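A closer look at the structure
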Amino acid sequence: GAVVSQHPSWVICKSGTSVKIECRSLDFQATTMFWYRQFPKQSLMLMATSNEGSKATYEQGVEKDKFLINHASLTLSTLTVTSAHPEDSSFYICSARLAGSHSEQYFGPGTRLTVT
Amino acid sequence: DAKTTQPPSMDCAEGRAANLPCNHSTISGNEYVYWYRQIHSQGPQYIIHGLKNNETNEMASLIITEDRKSSTLILPHATLRDTAVYYCIASTGANSKLTFGKGITLSVRP
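Because the structure is a prediction, the values reported are computed rather than measured. (Residues numbered from 1 in each chain as written. Chains lettered and ligands numbered in written order. Predicted model: local features only at pLDDT ≥ 70, side-chain atom pairs only at ≥ 80, totals over all residues. Heavy atoms only, no water.)

**Looking at the overall build of chain A**
Each helix and strand counted, chain A has 0 helices and 11 strands in total. Starting at the N terminus and walking to the C terminus, you meet the elements of chain A as β-β-β-β-β-β-β-β-β-β-β. Its C-alpha radius of gyration of 13 Å places chain A within 12% of the 13 Å reference for a compact globule of 116 residues. Dimensions of chain A, computed from C-alpha atoms along their principal axes, come out at roughly 40 × 25 × 25 Å. The buried share of chain A, taken over its 116 residues, is 50%. Partitioning the intrachain contacts of chain A with sequence separation of at least 6 by distance along the chain shows that 55% fall at a separation of at least 24. Counting every atom, chain A has about 5,600 Å² of accessible surface; 54% of that belongs to carbon and sulfur. (Helix = DSSP H or I, 4+ residues; strand = E, 2+ residues; numbered from the N terminus. Rg over C-alpha atoms; globule rule 2.2 N^0.38 Å. Buried < 20%, exposed > 50% of the residue type's maximum accessible area, 1.4 Å probe, protein only. Contact = heavy atoms within 4.5 Å. Areas by Shrake-Rupley, 256 points an atom, 1.4 Å probe, with all protein chains shown as cover.)

So, in structure tokens, the structure goes:
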């Protein structure tokens, strides 16, 4: 149980275009989802916390107008990288926390974004 | 959330127990100790968490010292597939984000 999926698993896009990444909790409801970014040989950096039905909370230094987050249901959150640039190339990972608990987060497999 | 400190790396032989240490000397009373691991190019995987009692599940055991200033994750019979970066994180859990440090790289050798 507690499986989180991401789609796509990898994407290549041209500079200036937008890319949408989906994060789904497959067998549980998640009131809170998190989006992380990981550059090569570095640790995960939290970008934003997404609560179902409300606006996302962004970490300091993360541009909310560039990284649009929508959490429309208890099983789906999306991250849209707008006007992508090569420096946005990274590994994007989402996680979901079980509703009604203070327990662990379950992570998706990640999405590798390459901007050319 | 309290800061945690882990050695950068360690190795162990396949089939032997891997004991991964973590220091969290400033942990507060309502903070749990969480362990996750990340195998190369994959999303992190939850392993175990605890508050003050020792915990065990099908993956590992978590031993927390009585003063809660440190803990040890034990993989009882390490396999090559356990080679990964292991993260020890202190967090209150409820609505709280996880702050990942550099973790410890465990290499299991044949």
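**Comments concerning the overall build of chain B**
For chain B, the count of helices and strands is 0 helices and 9 strands. Ordering the α and β elements of chain B from the N terminus gives β-β-β-β-β-β-β-β-β. Against the 2.2 N^0.38 benchmark of 13 Å for 110 residues, chain B shows a C-alpha radius of gyration of 13 Å, consistent with a compact globule. Taken along its principal axes, the extent of the C-alpha atoms in chain B is 40 × 30 × 25 Å. Going through the 110 residues of chain B one by one, you find that 45% of them count as buried. Within chain B, contacts between residues separated by at least 24 positions form 57% of all contacts whose residues are at least 6 apart in sequence. Surface accessibility of chain B: about 5,700 Å² in total, with carbon and sulfur atoms responsible for 49%. Charged side chains in chain B number 10 positive and 9 negative. The centres of these two groups are separated by 5 Å. (Lys, Arg positive; Asp, Glu negative; His and termini not counted. Charge placed at Lys NZ, Arg CZ, Asp CG, Glu CD.)

**Here's the deal with the interface of chain B and chain A**
The figure often quoted for interface size is the accessible area lost as the parts come together. Listed as interface residues are 19 residues of chain B and, on the opposing side, 20 residues of chain A. It is B:P44, B:K97 and B:F100 in chain B that bury the most area against chain A; as a group they hold 28% of the surface buried on that side. For the pair chain B and chain A, the interface holds 1 salt bridge. Counting every contact that joins chain B to chain A gives 4 residue pairs in polar contact (both at pLDDT 80 or more). Where the side of chain B that touches chain A is concerned, the elements lending two or more residues are β3 (32–38) and β4 (45–50) of chain B. (Buried area = accessible area lost by both parts, 1.4 Å probe. Salt bridge = Lys/Arg side-chain N within 4 Å of Asp/Glu carboxyl O. Polar contact = N/O pair within 3.5 Å; in protein donor to acceptor, adjacent residues only side chain to side chain.)

**Observations regarding the pairing of strand β2 (residues 18–23) of chain B**
Residues and elements named next belong to chain B. Where burial is concerned, the two faces of β2 differ: the one with A18, L20 and C22 is buried and the one with N19, P21 and N23 is not. Bridge count for β2 against strand β7 (residues 70–75) is 6 bridges, and the pairing is antiparallel. In the sheet register, C22 faces β7, and the bridge partner there is S71. (Pairing = 2+ DSSP bridges.)

**With respect to the sheet that holds strand β1 (residues 9–13) of chain B**
All names here are of chain B. Pairing is mixed across the open sheet formed by 5 strands, whose spatial order is β1-β9-β8-β3-β4. Each edge of the sheet is formed by a strand with only one pairing partner; in this case those strands are β1 and β4. Direction aside, neighbouring strands of the sheet carry axes that sit 25 degrees apart on average. Where strand β8 (residues 84–91) meets strand β9 (residues 104–109), 3 bridges bridge the pair, whose relative direction is antiparallel. Within β9, the position partnered with A84 by the bridge is L106. (Axes fitted to C-alpha atoms, helices over the stretch in contact; angles between N-to-C directions.)

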